[in-house]
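# Reading the structure
Here is what each chain is made of, one letter per residue.
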Amino acid sequence: MKVAIVGVSGAVGQEFLRVLDQRNFPMDDLVLFGSSRSAGRVYEFRGKQYTVKELKHNDDFKGIDVAFVSAGAGTSREYEKTITKFGTVMIDNSSAFRMDSDVPLVVPEVNPEDALDRPRSVIANPNCTTIQMVVALKAIEKISHIKRVHVSTYQAASGAGATAMAELVKQYEQLMKGEEPTVEKFAYQLAYNVIPHVDVFMDNGYTKEEMKMYNETRKIMHSDVEVSATCVRVPVMRAHSEATWIETERPISVEEARQAFATGEGLVLMDNPAEKEYPMPLFIADHDPVYVGRIRKDISNPNGLTFWTVSDQIKKGAALNAVQIAEYLLKVGNIK
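Residues numbered from 1 in each chain as written. Predicted model: local features only at pLDDT ≥ 70, side-chain atom pairs only at ≥ 80, totals over all residues. Heavy atoms only, no water.

### Examining the side chain of His 145
When you line up the elements, His 145 lands in the loop between helix H3 (128-141) and strand E9 (146-155). Within the local environment of His 145, its side chain forms a polar contact with the side chain of Asp 224, the two groups lying 2.8 Å apart. In contact with His 145, not counting residues within four places along its chain, are Ser 223, Asp 224, Glu 247, Thr 248 and Glu 249. (Helix = DSSP H or I, 4+ residues; strand = E, 2+ residues; numbered from the N terminus. Polar contact = N/O pair within 3.5 Å; in protein donor to acceptor, adjacent residues only side chain to side chain. Contact = heavy atoms within 4.5 Å.)

See below:
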């Protein structure tokens with residue numbers, strides 16, 4: 001098994017190294033790729049030193065079984081055929097291919113079998129906010145079809161990359177010194193603030209991030225579910241939170257929902273408000289599952305339910321989900 005990471009120097013690329021090691025992913029060789037700026041950097045993995053190669057249009061992917069790609073949508077589109085021409089399975093973390101009809105969009109807890117039908121040898125990793133939500137939705141969908149979802153996200157700085165995380169830290173440092181904060185990665189200062197603006201605005205008034213949650217959820221779940229999202233950036237380092245309201249075909253009791261979440265794949269139930277036990281990004285960062293709490297009936301809708309989820313954006317929202325896809329393909333014997 002020969003594995004490549006494209007975009008290894010970024011936040012998700014570095015997380016790929018950690019996740020592959022933590023999960024003892026079986027491999028015989030590792031090849032690291034990056035931009036011309038990253039080429040020549042050396043990273044350690046399982047006691048060995050690996051030097052980053054510059055990503056070029058050549059035959060470097062010959063013999064590579066799976067490539068985890070996190071270098072941006074433009075790079076993914078440009079290098080798709082270079083990466084896949086020798087049969088490499090490209091698991092792409094960007095938005096480049098997610099809604100292409102001939103590219104599966106996969107969350108292993110929800111639709112792993114979709115990864116088996118990949119005519120272009122490309123599998124898309126969904127948006128981080130969508131991944132977190134559909135893992136929770138799947139548990140409820142098993143007991144009653146979900147007709148409608150309203151969701152408000154509370155998205156960490158990590159969703160905008162390593163430089164955004166560094167900028168948030170820098171802003172606090174600058175403000176403590178009475179200096180003007182650096183604002184480059186976000187529309188406004190994020191420290192001591194929340195910004196109801198993630199990605200670009202569309203003609204319908206929603207942002208691209210919010211429309212991703214609509215379109216990707218329907219594709220992953222093979223569902224006619226209607227999704228309305230409001231995505232908000234908050235001054236948190238790396239775990240996203242979501243407040244979700246759902247409407248199901250039949251009423252679901254809180255007890256049913258708790259049982260569904262407690263037994264749902266990839267979920268951890270943390271729902272004991274009397275003891276102030278509920279998921280929070282401060283404690284969920286660097287954990288694998290999606291945590292669920294604050295489960296209650298929607299008092300405005302007899303078929304409604306509302307709950308709160310928290311998940312590490314860099315892990316389950318990105319690197320971990322991609323590695324789990326590869327693990328599934330290995331389990332069913334479907335890589336080369």
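### Observations concerning the sheet that holds strand E14 (residues 304-312)
The mixed open sheet is built from six strands, whose spatial order is E10-E9-E11-E14-E13-E12. Of all strands in the sheet, those with a lone pairing partner are strand E10 (226-233) and strand E12 (267-269), marking the two edges. Put simply, the sheet's adjacent strands are angled 25° from each other on average, direction ignored. In this structure, E9 lies alongside strand E11 (residues 239-248), joined through eight bridges in antiparallel fashion. (Pairing = 2+ DSSP bridges. Axes fitted to C-alpha atoms, helices over the stretch in contact; angles between N-to-C directions.)

### Description of the environment of Phe 45
Inspection of the secondary structure puts Phe 45 in strand E3 (residues 42-45). Separated by 140 residues in sequence, Phe 45 and Lys 185 place their C-alpha atoms 30 Å apart. Phe 45 has contacts with Leu 17, Leu 20, Asp 21, Met 27, Leu 30 and Tyr 50, leaving out every residue within four places of it along the chain.

### Here's the deal with the sheet that holds strand E1 (residues 2-6)
Taken in spatial order, the six strands make up an open sheet running E5-E2-E1-E6-E7-E8, and their pairing is parallel. At either margin of the open sheet sits one strand with a lone partner, and together these are strand E5 (53-54) and strand E8 (122-124). Lying on the sheet, helix H1 (residues 11-22) is in contact with E1, strand E2 (29-34) and strand E6 (66-69); it crosses E1 at an angle near 150°. Relative to strand E7 (residues 89-92), helix H2 (residues 73-84) is tilted by about 155°, and along the sheet it contacts E6, E7 and E8.

### Details of the packing of H3 against helix H8 (residues 315-331)
Contact geometry of H3 with H8 gives a least axis separation of 8 Å together with a crossing angle of 85°. Relative to H8, the element H3 is oriented roughly perpendicular. Residues Cys 128, Ile 131 and Val 135 of H3 lie in contact with H8, whose contacting residues are Lys 316, Gly 317 and Asn 321. Along the lines of polarity and charge, the residues of the contact of H3 with H8 split into three nonpolar, two polar and one charged. (Parallel < 35°, antiparallel > 145°, perpendicular 65-115°, else oblique. Nonpolar A, V, L, I, M, F, W, Y, C, P; charged D, E, K, R; others polar.)

### Let's talk about a nonpolar patch on the surface
Judged by side-chain polarity, Met 280, Leu 282 and Phe 283 come together as a nonpolar surface patch covering roughly 340 Å² of accessible area. Mapped onto the elements of the fold, Phe 283 is located in helix H7 (residues 281-284). You can call Phe 283 exposed: its relative accessible area is 53%. (Patch = residues over 30% accessible without salt bridge, like charges linked within 9 Å, V, L, I, M, F, W, Y side chains within 5 Å. Areas by Shrake-Rupley, 256 points an atom, 1.4 Å probe, with all protein chains shown as cover. Salt bridge = Lys/Arg side-chain N within 4 Å of Asp/Glu carboxyl O. Buried < 20%, exposed > 50% of the residue type's maximum accessible area, 1.4 Å probe, protein only.)

### Thoughts on the pattern of salt bridges
Evaluated as defined, the whole model comprises 22 salt bridges. Here Glu 15 and Arg 18 are joined by a salt bridge, their closest N and O atoms 2.7 Å apart. One end of the pair, Glu 15, and the other, Arg 18, are both in helix H1, three residues apart, so they sit about a helical turn from each other. Using a relative accessible area of 0% as the deciding quantity, one classes Glu 15 as buried. With a shortest N-O distance of 3.6 Å, Asp 288 and Arg 23 are connected by a salt bridge. One end of the pair, Asp 288, is in the loop between H7 and strand E13 (290-297); the other, Arg 23, is in the loop between H1 and E2, and 265 residues separate them in sequence.

### A closer look at the pairing of E11
The element E11 is largely enclosed, with a buried count of nine among its ten residues. Pairing of E11 with E14, which is carried by nine bridges, proceeds in the antiparallel orientation. Across the sheet, Ser 241 pairs through a bridge with Val 310, a residue of E14.

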